[in-house]
There are 2 protein chains.
Amino acid sequence: MLRPKFDAAGLVTCVATDAGNGDVLMVAHMNDEALRKTIETGDAWYYSRSRKALWRKGESSGHVQRVVEMRMDCDQDAIWIRVEQQGGAACHTGRRSCFYRAITRGDDGAAKVSFVDAGQVFDPGQVYRQGS
Amino acid sequence: MLRPKFDAAGLVTCVATDAGNGDVLMVAHMNDEALRKTIETGDAWYYSRSRKALWRKGESSGHVQRVVEMRMDCDQDAIWIRVEQQGGAACHTGRRSCFYRAITRGDDGAAKVSFVDAGQVFDPGQVYRQGS
């Protein structure tokens, strides 16, 4: 039985990974409607906490996520979807994945951040110019 | 610069994937201390919302997660760690991954949940019997 445990804001966490190579593309949230629409349509739908709105991934950019597999975790408060990312980029910054910065421990013991796989697949200025 | 954007509860979301095959093992949370300890020690530390406590993964079970790579997302509110999972299982139910249930669309259009890769690597009754 699917019994998602939504948090106080009515959301579950959703992790989208690249069905091809397993990389984590993004972490976002789904409300009940986003979850149902994702199951029904096979495209990833999310709930934007900043815009307070249901959101079909790619509705502005065309960079739709086709869901290859969908999983629920033990606590039913997190979803994992393996997706085929249209347009090759999931991140609003134009990068393939939102996780384009590595955290390492510097020689002085402090955390160090460096760019990895941070090339832009698209120019956000171009893609989002038209609005949605 | 590492500038994590902690939520109202002081947490960021952390996704742990298997460094070997890319599968998502678990989704959990880190507070500032868990994040710092993870960077310092190379083992995954989390913050348990239910127990309201800092928690080194594997401290009870021995199923420590060695961090191979750590990434931060565009908004700096989510962390992705690629880990070597000691003991072969990340889930407290004894399964390799917490995501051992698939969600599909049944013939009647309703969501259907089925077990996948749900074999138990360990018996939680045995492993957690001793307490921490």
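Residues numbered from 1 in each chain as written. Chains lettered and ligands numbered in written order. Predicted model: local features only at pLDDT ≥ 70, side-chain atom pairs only at ≥ 80, totals over all residues. Heavy atoms only, no water.

Side note on the packing of aromatic side chains
Residue and element names in this part refer to chain B. Taken as a whole, this structure holds eight aromatic pairs over all chains when the rule is applied. With centroids separated by 6.1 Å and ring planes inclined at 5°, the aromatic side chains of Y100 and F115 adopt a geometry described as stacked. Here Y100, found in the loop between strand 6 (78-85) and strand 7 (101-105), pairs with F115, found in strand 8 (residues 111-115); they are 15 residues apart in sequence, far enough to count as distant. Between F122 and Y128, the ring centres sit 6.1 Å apart and the planes meet at 70°, which makes this aromatic pair edge-to-face. With relative accessibility at 10%, the residue F122 sits in the buried group. According to the relative accessible area criterion, Y128 is partly exposed, its value standing at 30%. (Phe/Tyr/Trp six-rings, centres within 6.5 Å; stacked < 30°, edge-to-face > 60°. Helix = DSSP H or I, 4+ residues; strand = E, 2+ residues; numbered from the N terminus. Buried < 20%, exposed > 50% of the residue type's maximum accessible area, 1.4 Å probe, protein only.)

Some points on the side chain of T38 of chain B
Residue and element names in this part refer to chain B. Structurally, T38 can be placed in helix 1 (residues 32-41). For T38, a relative accessible area of 2% gives the class buried. Residues contacting T38, with those up to four places away along its chain left out, are M30, D43, A44, W45, V67 and M70. (Contact = heavy atoms within 4.5 Å.)

Here's the deal with the relation of the copies chain B and chain A
Relative to chain A, chain B is turned by 180° and slid 0.0 Å along the rotation axis, the superposed coordinates differing by an RMSD of 0.0 Å. On the angle and the small slide along the axis, the relation comes out as a two-fold axis. Distance from the rotation axis, computed per C-alpha, reaches its smallest value in chain B at G22 of chain B: 2.3 Å. In this assembly, 100% of the residues forming the interface of chain B have copies in chain A that are likewise at the interface, indicating an isologous arrangement. (Least-squares fit on C-alpha atoms with pLDDT ≥ 70 in both.)

A look at helix 1 (residues 32-41) of chain A
Residue and element names in this part refer to chain A. The set of residues buried in helix 1 consists of A34, L35, T38 and I39. One face of helix 1 carries all of its buried residues, which in axial projection span an arc of 130°. Phi turns positive, to about 80°, at G42, one or two residues after helix 1. (Arc of directions from axis to C-beta.)

Structural notes on empty space enclosed by the protein
Following the criterion strictly, the structure yields one cavity of 30 Å³ or more and no others. Of the pockets and cavities examined, the largest cavity occupies roughly 40 Å³. Of the residues belonging to the lining of the largest cavity, the class tally is four nonpolar, one polar and four charged. (1 Å grid on protein atoms, 1.4 Å probe; cavity = no way out; pocket = protein on both sides within 12 Å on 5 of 7 lines; lining within 4 Å. Points joined across faces, edges and corners; volume = space filled by probe spheres on them. Nonpolar A, V, L, I, M, F, W, Y, C, P; charged D, E, K, R; others polar.)

As for the sheet that holds strand 5 (residues 65-72) of chain A
An order of 2(A)-1(A)-6(A)-5(A)-7(B)-8(B) is seen for the six strands of this open sheet, with the pairing classed as mixed. At either margin of the open sheet sits one strand with a lone partner, and together these are strand 2 (24-30) of chain A together with strand 8 of chain B. Each neighbouring strand pair of the sheet contributes to a mean axis angle of 30°, computed without reference to strand direction. By the bridge criterion, six bridges tie strand 1 (residues 12-18) of chain A to strand 2 of chain A in an arrangement that is antiparallel. Within the sheet, the bridge partner assigned to C14 of chain A lies in strand 2 of chain A and is A28 of chain A. Seen against the sheet, helix 1 of chain A touches strand 2, strand 5 and strand 6 (78-85) of chain A together with strand 7 and strand 8 of chain B and runs at an angle of roughly 115° to strand 5 of chain A. (Pairing = 2+ DSSP bridges. Axes fitted to C-alpha atoms, helices over the stretch in contact; angles between N-to-C directions.)

Considering the confidence of the model for chain A
Per-residue confidence for chain A gives a mean pLDDT of 94; residues scoring 70 or more make up 97%. For this predicted complex, the interface confidence comes out at an ipTM of 0.94, alongside a pTM of 0.94. (pLDDT = per-residue confidence, 0-100.)

A few points about the interface of chain B and chain A
The interface is formed by 37 residues belonging to chain B together with 37 residues belonging to chain A. When chain B packs against chain A, the two sides together hide about 3300 Å² of surface, and 66% of this comes from carbon and sulfur. Here chain B and chain A share two salt bridges between them. Note that R49 of chain B and D77 of chain A form a salt bridge whose closest N and O atoms lie 3.5 Å from each other. Between chain B and chain A we count twelve residue pairs in polar contact (both at pLDDT 80 or more) in total. In terms of residue count, the dominant contributor to the side of chain B that touches chain A is strand 7 of chain B (five residues). Partitioning the side of chain B that touches chain A into residue classes produces 21 nonpolar, seven polar and nine charged. In terms of strand pairing, strand 7 (residues 101-105) of chain A meets strand 5 (residues 65-72) of chain B through two bridges, oriented antiparallel. Across the sheet, residue A102 of chain A finds its bridge partner in strand 5 of chain B, namely R71 of chain B. (Buried area = accessible area lost by both parts, 1.4 Å probe. Salt bridge = Lys/Arg side-chain N within 4 Å of Asp/Glu carboxyl O. Polar contact = N/O pair within 3.5 Å; in protein donor to acceptor, adjacent residues only side chain to side chain.)

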